[in-house]
Amino acid sequence: MTSTASLPLPGRLDTLVIGGHTDADRVLLTPRGELVRGCARILAEKLARLPAGTARVDVDMSGVHFMDTAGLEFLEVLRDHGRRRSVPVTATRWNGQPRRVLERAGLDTTDPLRSPAPEGAPPGTVSAVALEREERLQLLEEEVEQLRRAIASRPVIDQARGILMATYSCTSDEAWHILREASQLSNTKLRTVAEALTAGAEAEGAPPPEEVRSALSRALARRSSR
């Protein structure tokens, strides 16, 4: 049986599917897609349906290509399942962006379930580790949010590049550099420049603001002089 989770961005198809199979008393779970809001609940439901007598749970994470901080809740559900059922649980074969998230969170990228605070640590050590982990998570949340904004901005930026390519017979790379330079010259976010350009290209669209028009003209002039 498979399960689907919610998504980080609106308008996209469900992208997390948890498959798996049983071999004797061992269960192998194979998530595919993204670990985002809702993934922990879906995993808990999946674990609750495991066969009675399951003595080991292994999770192959190689099919997960995106993860935000909700993925840490996913791991906590796995860890809690192992504690409550007194069975070994592993989560291995991380790669790509999820592996970098684990690194930023200070977790073992081979198997983050092996990364609890050390037992028998001197007084104050656990709290210091927790504080460092909290700081890492805050930075991680900021990094993931930047990635989300970049993903959401991509369609309008691609449209703006297409307009420049069609209007000025430039390549895709040249159009990208023009947009980026216009953004820098006008001290305006790249997405805002792209939105202004695409809106101005519509039949009844308003022209871009003066500072954006001026910056685009300067960027185009620099391209012509090269």
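This structure is a prediction, so every number in the text was calculated from the model and none was measured.

The subject of this paragraph is the overall build of the protein. Of regular secondary structure, the protein possesses seven helices and five strands. For the protein, the N- to C-terminal ordering of α and β elements is β-β-α-β-β-α-β-α-α-α-α-α. Evaluated residue by residue, the protein yields a buried proportion of 41% over its 226 residues. Considering only contacts within the protein whose residues lie at least 6 apart along the sequence, 62% involve residues at least 24 apart. Carbon and sulfur atoms form 51% of the exposed surface of the protein, whose accessible area is close to 12700 Å².

Turning our eyes to something else, we now look at unusual backbone geometry. Residue arginine 93 is not a glycine yet carries a positive backbone phi of 65 degrees. Examined against the element boundaries, arginine 93 turns out to sit in the loop between strand E5 (89-92) and helix H3 (96-104). We classify arginine 93 as exposed; its relative accessible area is 54%. Even without being glycine, serine 169 reaches a positive phi, approximately 50 degrees. Along the chain, serine 169 falls in the loop between helix H4 (125-168) and helix H5 (172-186).

In this section: the nonpolar core. Among the nonpolar cores identified, the biggest contains 31 residues, and Leu29, Leu35, Leu75 and Leu78 are the most heavily contacted of them. Listed by contribution, the elements that provide at least two residues to this core are strand E2 (26-35), helix H1 (39-48), strand E3 (56-60), strand E4 (64-67), helix H2 (70-85), E5 and H3. It is H2 that contributes the most residues to this core, six residues altogether. Those residues in contact with leucine 29, other than ones at most four positions away along the chain, are Ile18, Gly19, Gly20, Leu43, Lys46, Leu47, Leu50, Val57, Asp58, Val59 and Asp60. Membership of the second largest hydrophobic core comes to 19 residues, among which are Ala194, Leu197, Ala215 and Leu216.

Before going further, it helps to examine the packing of H5 against helix H6 (residues 190-201). Where H5 contacts H6, the two axes come as close as 9 Å, and the packing angle between them is 110 degrees. In terms of their interaxial angle, H5 and H6 are classed as roughly perpendicular. Between H5 and H6 the crossing geometry is right-handed. Residues Trp176, Leu179, Arg180, Ala182, Ser183 and Ser186 of H5 form the contact with H6, whose participating residues are Leu190, Val193 and Leu197.

With 12 residues, H6 ought to run about 16 Å at 1.5 Å a step, and its terminal C-alpha atoms sit 17 Å apart, in line with that. Along H6, the residues classified as buried are Leu190, Val193, Ala194, Ala196, Leu197 and Thr198.

This paragraph deals with the side chain of aspartate 111. Following the sequence through the fold, aspartate 111 ends up in the loop between H3 and H4. Despite its burial, aspartate 111 pairs with no opposite charge; the closest candidate is arginine 114, at 4.6 Å N-O.

As a further point, take the environment of cysteine 39. For cysteine 39, the position within the fold is in helix H1. Residue cysteine 39 is classed as buried on the basis of its relative accessible area, which comes to 0%. In the structure, cysteine 39 is positioned 23 residues away from leucine 16 in sequence and 7.7 Å away in space, judged by C-alpha atoms.

Judged by how many residues are buried, E2 sits mostly within the fold: eight of 10 residues are covered. Pairing of strand E1 (residues 17-23) with E2 involves seven bridges; the strand directions are antiparallel. Within E2, the position partnered with histidine 21 by the bridge is leucine 28. In this antiparallel pair of consecutive strands, E1 and E2, the connection spans two residues, and alanine 24 shows a positive phi of 60 degrees. Looking at chain direction, E2 and E3 are connected through four bridges and run parallel. By the bridge assignment for E3, arginine 26 is matched with arginine 56. Where E2 meets E4, three bridges bridge the pair, whose relative direction is parallel. Considered in E4, the bridge of glycine 33 is made with valine 64.

Reading the values: rules and limits
- In this numbering scheme, every chain counts its residues from 1 along its sequence in written order.
- Confidence filtering applies because this is a predicted model: local features only for residues at pLDDT of at least 70, side-chain atom pairs given and counted only at 80 or more, and all residues used for totals across whole chains, interfaces and linings.
- Only hydrogens and water are set aside when side-chain values are computed; all heavy atoms of the structure are taken into account.
- In DSSP terms, a helix is any run of H or I states spanning at least four residues, a strand is any run of E spanning at least two, and both are numbered starting from the N terminus.
- Partly exposed describes any residue whose relative accessible area lies between the buried limit of under 20% and the exposed limit of over 50%, with all areas from a 1.4 Å probe on protein chains only and scaled to the type maximum.
- Residues count as neighbours in contact if any of their non-hydrogen atoms are within 4.5 Å of one another.
- Surface exposure here means Shrake-Rupley accessible area, sampled with a 1.4 Å probe, where a residue is shielded only by the protein chains that are shown.
- In plain words, nonpolar cores are sets of buried Ala, Val, Leu, Ile, Met, Phe, Trp, Tyr and Cys residues tied together by side-chain atoms within 4.5 Å.
- Lines fitted to the C-alpha atoms define the axes, with helices restricted to the stretch that makes contact. Angles between their N-to-C directions range from 0 to 180 degrees.
- Comment on the angle field: the value is read as roughly parallel under 35 degrees, roughly antiparallel over 145, roughly perpendicular from 65 to 115, and oblique elsewhere.
- The handedness criterion is simple: a crossing whose near helix is rotated anticlockwise from the far helix by less than a right angle is left-handed, and one whose near helix is rotated clockwise is right-handed.
- What a helix is expected to span follows from its residue count: subtract one and scale by 1.5 Å.
- Charge counting treats Lys and Arg as positive and Asp and Glu as negative, with His and both chain ends excluded.
- Just to be clear on terms, a salt bridge is a Lys or Arg side-chain nitrogen sitting within 4 Å of an Asp or Glu carboxyl oxygen.
- Pairing between strands is defined by DSSP: at least two bridges between the two strands are required.

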